[in-house]
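One letter stands for each residue in the lines below.
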Amino acid sequence: MKKLLPLLFFLFASYLAEAQSEKEFQIRVGMGFAGYGTETKTTVNTPFGDFSNTETDGAVTFHFPMEFRYGFNKKFNVGADFKIGSYLYEPDSGDGKSNAFIAIGPAVEYAIVSKERFRWYAGLGINYCSLVLQETEEYTNDEYIWTYGGAGFKLNSGVMVIFGEHFGLNFNMGWDSHNFKLKNYELNGKDVSLDNFEAELKVRGLDFGIGGMYIF
């Protein structure tokens with residue numbers, strides 16, 4: 001027992017030293033796009049009952065992601081994701097319209113394969129996303145602004161190719177989803193009451209991204 005305890009202590013100290021040496025911090029930036037199926041549901045509340053309408057469609061986004069990761073070792077890391085972008089309009093339907101979204105939230109990743117110059121990982125993230133839609137009526141010049149907000153979920157996988165000690169490339173794709181609710185509606189700069197009106201927007205689809213990374 002007297003010989004076993006020092007041996008166990010030595011092994012544990014060696015493990016801590018190795019784990020400490022494997023810690024790293026990553027900053028990733030890039031660009032991406034996503035294709036979604038959308039479902040919009042509007043509900044009007046009246047004294048005679050609620051009247052709802054549901055429509056389905058598709059949408060494409062272009063965005064710029066920024067990701068921060070703290071790696072406890074080369075297998076497991078946690079961090080935060082930030083993404084800013086917009087939904088793209090069809091060429092003949094975008095006049096007088098604009099939009100922008102911002103998403104932010106925590107994420108975790110596990111490296112299925114972890115080599116010195118190559119990693120294949122799987123990740124999971126949740127976020128809160130704010131979406132603002134703006135439209136100006138061509139003939140009356142009335143300006144409408146809808147502000148949506150809601151939770152999101154992403155399940156993704158990707159690969160990292162590392163050059164030297166600090167730089168690399170990051171490629172990923174994943175399943176992305178958001179559940180939006182209408183939070184505010186403005187007409188010509190004045191808030192319109194939502195007491196008798198509700199709107200929900202659900203988007204589901206594939207997200208693709210490519211970018212650079214810095215490790216230190």
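One can find the structure itself at the top, above this paragraph.
About the cut-offs
Residues numbered from 1 in each chain as written. Predicted model: local features only at pLDDT ≥ 70, side-chain atom pairs only at ≥ 80, totals over all residues. Heavy atoms only, no water. Pairing = 2+ DSSP bridges. Helix = DSSP H or I, 4+ residues; strand = E, 2+ residues; numbered from the N terminus. Salt bridge = Lys/Arg side-chain N within 4 Å of Asp/Glu carboxyl O. Buried < 20%, exposed > 50% of the residue type's maximum accessible area, 1.4 Å probe, protein only. Core = buried A, V, L, I, M, F, W, Y, C linked by side-chain atoms within 4.5 Å. Contact = heavy atoms within 4.5 Å. Polar contact = N/O pair within 3.5 Å; in protein donor to acceptor, adjacent residues only side chain to side chain.

Engineer: Explain the pairing of strand S1 (residues 24–46) residue by residue, including any values.
Structural biologist: Strand direction decides the pairing type here: S1 and strand S2 (residues 49–71), joined by 21 bridges, are antiparallel. Looking across to S2, one finds that Phe-25 is bridged to Tyr-70. The hairpin formed by S1 and S2 contains two residues between the paired strands. Strand direction decides the pairing type here: S1 and strand S9 (residues 197–215), joined by 19 bridges, are antiparallel. By the bridge assignment for S9, Gln-26 is matched with Ile-215.

Engineer: Describe the pattern of salt bridges, naming the residues involved and giving the relevant values.
Structural biologist: Throughout the structure, instances matching the rule amount to 10 salt bridges. For Arg-28, the salt bridge identified is with Glu-67, shortest N-O distance 3.1 Å. Of the two residues, Arg-28 sits in strand S1 while Glu-67 sits in strand S2, which places them 39 residues apart along the sequence. Here Arg-28 and Glu-67 have matching classes, each one buried. A salt bridge links Asp-176 to Lys-83; its shortest N-O distance comes to 3.5 Å. Taken as a pair, Asp-176 in strand S7 (residues 167–187) and Lys-83 in strand S3 (residues 76–87) lie far apart in primary sequence, 93 residues in all. A single burial state applies to Asp-176 and to Lys-83, both of which are buried. Several salt bridges share partner residues, and in doing so they unite Arg-28, Glu-67, Arg-69, Asp-81 and Glu-109 into one network.

Engineer: Now, about the nonpolar core: what can you tell me, with residues and values included?
Structural biologist: One finds Tyr-87, Leu-131, Tyr-148, Phe-180, Leu-201 and Val-203 to be the most contacted residues of the largest nonpolar core, which totals 14 residues. Breaking this core down by element, the ones donating at least two residues are S1, strand S4 (97–114), strand S5 (118–136), S7 and S9. The greatest single-element share of this core, amounting to three residues, is contributed by S9. When neighbours within four sequence positions are excluded, Tyr-148 is seen to be in contact with Cys-129, Ser-130, Leu-131, Leu-133, Phe-180, Lys-181, Leu-182, Lys-183, Ala-199 and Leu-201.

Engineer: Outline the side chain of Arg-28, listing residues and values.
Structural biologist: Arg-28 gets classed as buried once you look at its relative accessible area, which sits at 2%. In terms of polar contacts, Arg-28 uses its side chain to reach the side chain of Gln-26, at 2.7 Å. In this structure the side chain of Arg-28 is engaged in a polar contact, spanning 2.8 Å, whose partner is the side chain of Glu-109. In contact with Arg-28, not counting residues within four places along its chain, are Pro-65, Met-66, Glu-67, Arg-69, Asn-77, Glu-109, Tyr-121, Met-160, Asn-170, Gly-212 and Met-213.

Engineer: Go over the pairing of S3, please, and point to the residues and values.
Structural biologist: Consecutive residues of a regular strand have side chains that alternate between opposite faces of the sheet. Across 11 bridges, S2 lies against S3 in antiparallel orientation. Across the sheet, the residue bridging to Glu-67 is Asp-81, located in S3. Connecting the antiparallel pair S2 and S3 is a turn made up of four residues. Note: S3 against S4, 10 bridges, orientation antiparallel. Across the sheet, residue Ile-84 finds its bridge partner in S4, namely Ile-102.

Engineer: Could you give an account of the environment of Asn-179, with specific residues and numbers?
Structural biologist: Relative to the helices and strands, Asn-179 resides in strand S7. Judged by relative accessible area, Asn-179 falls into the partly exposed class, the value being 38%. Remark: the alpha-carbon pair of Asn-179 and Tyr-128, spanning 51 residues in sequence, is separated by 9.5 Å. Once residues within four sequence positions are removed from consideration, Asn-179 is found in contact with Gly-149, Gly-150, Ala-151, Leu-201, Lys-202 and Arg-204. A distance of 2.8 Å separates the side chain of Asn-179 from the side chain of Arg-204, its partner in a polar contact.

Engineer: Explain unusual backbone geometry to me, and be specific about the residues and the numbers.
Structural biologist: Positive phi is not limited to glycine here, since Asn-141 has a value of about 65°. Within the fold, Asn-141 resides in the loop between S5 and strand S6 (143–163). Positive phi is not limited to glycine here, since Asn-188 has a value of about 55°. The residue Asn-188 is located in the loop between S7 and strand S8 (190–191) in this model. By relative accessible area, which is 42% here, Asn-188 ends up partly exposed.

Keep in mind these numbers describe shape, not what the thing actually does.
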